[in-house]
Amino acid sequence: MDESNAFSQNNKRKKEISPTRLIVGSFLLVILVGTLLLLLPFSTRDGTIGIVDALFTATSATCVTGLVVFDTYEKFTGFGQLIILLLIQIGGLGLVTLTSFFTVGLRRRAGFKSMKLASESISTSNITGARKLLMVVIKLAFLFEGVGAALLAFYFVPQFGLQGIWISIFLSISSFCNAGFDIVGFFGPFSSLTTYVGNWYVLSIIMFLIVSGGLGFLVWYDLFSWFKTKTLCLHSKVVILFTAVLLLLGTLGLLALEWNNPETMRNLPPDERVLAALFQSVSARTAGYATIDLASMTLMSKYFMIFLMFVGAAPGGTGGGVKVTTIGVLAVTVFSVARGQEDPVIFGRKIDKKTVYRSITIILLSLTAVIVSTITIFFNTDARVNEIDSMFEAVSAFATVGLSLGATTIMNPIAKIITIVTMFIGRVGPVSLVISLARQAKEISRREVLPEAKINVG
């Protein structure tokens, strides 16, 4: 009798595994498999790679970050590059999203729990519409990546021959997934896209892919629906507004700070300076490509880039960061409170307090992760890496950006492990990770009423 009760309780616990835990677990599974594949002798050109470095690369790819301890082209063979690209694709869309898509695509019946899990994966609370949105997510991703690869091929194939096809596909998927990985290291290790600093054609395509992935699939779904409804939901309006504001602010800020810097933009023609500033503003949200020497930027530019990286992209997309909507909610809340309003209001709609509380929680947990990572990197890396460089690397890891000032390549194992954890937290989200690790709250039959606390603040 006791054994049967224990068995039923174990089954009940398994059934009660939350969608958040399953999503977090799926990322861990992909990272583990990716690490094992990268450890294979034919994944690297010299046949060897350390376990920590393989884990770091697999995590960076799966979490669509882009921080690397080795130049991707110089270290990895074609097979290794393919594994990295598959990890980027799976990590960008999410394993749960992909498996749910194939379940629906094969006309198999998906139950309520499966659709609930899929809705969590694509960041929507609409379970009934998850099936339709799921199909849109995958179709949009493949459409953008396919068109991007084709357009890039028009430039890279004449330049590199058949190798240009692989470069185009790799850059297109990496850009849309906001991963920041590249395979143009034959121009020089860790050169990123500095060779194309003045190439409007190539960089415009990559910027479009970055922004497309970073806007989020919910926004694209809403934009396509606009032709029928002639209206946009509040989420889409907030994302589009704050994305535009931050891109413009980032471009103007970097132009002002780097215009006369001889190490970055001063020697470029005016139009290329504008392109460089625009591209870095887009890339900081959270793609991880560089067309200028980031290590040579002014101190203020580095702080400014840290802010842009920390904010990141939109929910439900391929980008990281605390998300533009989180910052938007806090900005509107501060503005409303400063005006003496009791509730934050935007576009004529009141923002509920739960959203405000969640935004504050995300910011505080994110800052905690960044601070811990910054301190660890600073004390476990070469003496050439100062405080600002450590913070830059930590924020880049947490926001899954991949921009680097050079600290990643000279980290010791402890700093690498902490950075791996930071990338993972940034990808799954600090709140989601805490929920997945927390014990399930027990339901109570009656609501407990607590006395109200009065605390003076400010």
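Conventions used here
Here the residue index of a chain counts from 1 through its sequence in written order. In view of the model being predicted, local features appear only for residues whose pLDDT reaches at least 70, and side-chain atom pairs are presented and counted only at 80 or more, with totals across whole chains, interfaces and linings using the full set of residues. Processing note: side-chain calculations cover all non-hydrogen atoms of the structure and skip hydrogens and water entirely. We place a 1 Å grid over just the protein atoms. Points where a 1.4 Å probe fits but has no way out form a cavity, open points with protein on both sides within 12 Å along at least 5 of 7 lines form a pocket, and any residue with an atom within 4 Å of a point lines it. Grid points are joined across faces, edges and corners, and a volume is the space filled by probe spheres set on the points. Note on conventions: DSSP H or I runs of at least 4 residues are helices, E runs of at least 2 residues are strands, and numbering of each starts at the N terminus. Gly is put with the polar residues, along with every residue not named as nonpolar or charged; the nonpolar set is Ala, Val, Leu, Ile, Met, Phe, Trp, Tyr, Cys and Pro, and the charged set is Asp, Glu, Lys and Arg. Expected span, for any helix, means 1.5 Å times one less than how many residues it has. For each residue, the accessible area found with a 1.4 Å probe, counting protein chains only, is set against the maximum for its type, and the residue is called buried under 20%, exposed over 50%, and partly exposed in between. Patch membership requires more than 30% relative accessible area and the absence of a salt bridge. Residues of like charge join within 9 Å; the nonpolar side chains Val, Leu, Ile, Met, Phe, Trp and Tyr join within 5 Å. Accessibility throughout is a Shrake-Rupley quantity obtained with a 1.4 Å probe, and a residue counts as covered only by protein chains that appear here. The salt bridge criterion pairs a side-chain nitrogen of Lys or Arg with a carboxyl oxygen of Asp or Glu, the two atoms within 4 Å. Lines fitted to C-alpha atoms define the axes, with helix axes restricted to the stretch in contact, and inter-axis angles between N-to-C directions lie between 0 and 180 degrees. By convention the crossing between two helices is left-handed if the near helix lies anticlockwise of the far one by an angle smaller than a right angle, and right-handed if it lies clockwise. Contacts are assigned to residue pairs with any non-hydrogen atoms lying within 4.5 Å of each other. Only the six-membered ring of Trp is used, alongside the rings of Phe and Tyr, when aromatic pairs are assigned; centres must lie within 6.5 Å, and planes under 30 degrees apart are stacked while those over 60 apart are edge-to-face, with the rest tilted. As a reminder, the over-ring test applies to NZ of lysine and CZ of arginine, requiring each to be within 6 Å of the ring centre and within 35 degrees of the ring normal. The definition of a nonpolar core used throughout is a set of buried Ala, Val, Leu, Ile, Met, Phe, Trp, Tyr and Cys residues joined through side-chain atoms within 4.5 Å. In these notes the angle categories are as follows: under 35 degrees is roughly parallel, over 145 is roughly antiparallel, 65 to 115 is roughly perpendicular, and the rest is oblique.

## Details of empty space enclosed by the protein
One pass over the structure, following the stated rule, counts one cavity of 30 Å³ or more. One number sums up the size of the largest cavity: a volume of about 90 Å³. For the largest cavity, the full set of lining residues is I210, V211, G214, L215, T243, L247, V282, R285, A313 and A314. Contributions of two or more residues to the lining of the largest cavity are made by α10 (200-215) and α12 (234-258). Element by element, the count of residues in the lining of the largest cavity is highest for α10, at four residues. Taken together, the residues of the lining of the largest cavity sort by class into seven nonpolar, two polar and one charged.

## Description of helix α17 (residues 387-398)
A rise of 1.5 Å per residue sets the reference length of α17, with its 12 residues, at 16 Å; its end C-alpha atoms lie 16 Å apart and thus fit the reference within 8%. Burial runs high along α17: 10 of the 12 residues are buried. Here α17 has its buried residues at I388, D389, S390, F392, E393, A394, V395, S396, A397 and F398. Phi turns positive one or two residues past the end of α17, at T400, with a value near 50°.

## Considering a nonpolar patch on the surface
Side chains of Y357, I360, L364, L367, I371, I375 and F379 sit close together on the surface and give an oily, nonpolar patch of about 720 Å² of accessible area. For Y357, the position within the fold is in helix α16 (residues 353-379).

## Quick word on the packing of helix α15 (residues 324-338) against α16
Remark: α15 packs on α16, axes separated minimally by 9 Å, with the N-to-C direction vectors making an angle of 115°. For the pair α15 and α16, the crossing hand works out as left-handed. Here T326, I327, V329, L330 and T333 of α15 come into contact with α16, specifically with T355, V356, S359, I360, I362 and I363. Grouping the constituent residues of the contact of α15 with α16 by class yields seven nonpolar, four polar and no charged.

## A word on the packing of aromatic side chains
Applying the stated criterion across every chain, the model contains 18 aromatic pairs. Summarising the aromatic geometry, the rings of F42 and F79 are spaced 5.1 Å apart at their centres and angled 65° between planes, so their arrangement reads as edge-to-face. Placement of F42 in the loop between α2 (19-38) and α3 (51-62) and of F79 in helix α5 (residues 78-93) is noted, with a sequence separation of 37 residues between them. Through a chain of ring-to-ring contacts, three or more aromatic side chains come together here, namely Y73, Y155, F156, F160, F186, F187 and Y196. One cation-aromatic arrangement involves K237 over F347; the distance from NZ or CZ to the ring centre is 5.8 Å. The lysine or arginine in question, R273, covers the ring of W259, its NZ or CZ lying 4.3 Å from the ring centre.

## As for the layout of surface pockets
If you add up the space inside the second largest pocket, you get close to 500 Å³. Lining the second largest pocket are 25 residues; nearest its centre among them are F190, S191, S192, G402 and S404. Looking at side-chain class alone, the lining of the second largest pocket contains 10 nonpolar, 12 polar and three charged residues.

## Observations regarding the pattern of salt bridges
All chains considered together, the criterion is met by five salt bridges. The partner of D389 in a salt bridge is K302, and the shortest N-O contact between them spans 3.7 Å. With a gap of 87 residues between them, D389 in helix α17 and K302 in helix α14 (residues 299-311) connect regions that are remote in the sequence. Residue K302 is classed as buried on the basis of its relative accessible area, which comes to 10%.

## What about the side chain of T333?
Its place among the elements puts T333 in helix α15. A residue is classified by how much of its surface remains accessible, and T333, at 15% relative accessible area, is buried. Apart from the residues lying within four places of it in its own chain, the contact partners of T333 are P344 and V356.

## Remarks on the nonpolar core
Counting 63 residues, the largest nonpolar core has I84, I88, F181, L193, I206 and Y289 as its most contacted members. In terms of nonpolar packing, the next biggest core, distinct from the first, is built from 36 residues, A277, L308, M309 and I388 among them.

## Focus on the environment of F181
Topologically, F181 is positioned in the loop between α9 (163-176) and α10. Among the residues examined, F181 registers a relative accessible area of 1% and is labelled buried. For the pair F181 and F170, spaced 11 residues apart in the sequence, the C-alpha separation amounts to 8.3 Å.

## Observations concerning unusual backbone geometry
T286 follows R285 through a cis peptide bond whose omega is 20°. For S192, which is not glycine, the phi dihedral falls at a positive 55°. Among the structural elements, S192 can be located in the loop between α9 and α10. Exposure remark for S192: the relative accessible area of 9% places this residue in the buried category.

## Considerations on the packing of α3 against α5
As a packed pair, α3 and α5 sit with axes 7 Å apart at the nearest point and diverge in direction by 45°. One finds that α3 runs oblique with respect to α5. The segment α3 lies against α5, with T57, A58, A61 and T62 engaging I84, L87, I88, G91 and G92. When the residues that make up the contact of α3 with α5 are grouped by side-chain class, the tally is five nonpolar, four polar and no charged.

## As for the environment of N178
Its location among the elements puts N178 in the loop between α9 and α10. Excluding anything up to four places from it in sequence, N178 contacts V64, I210, G213, G214, R285, T286, A287, T318, G319 and T400.

Shape descriptors only; they carry no functional weight alone.
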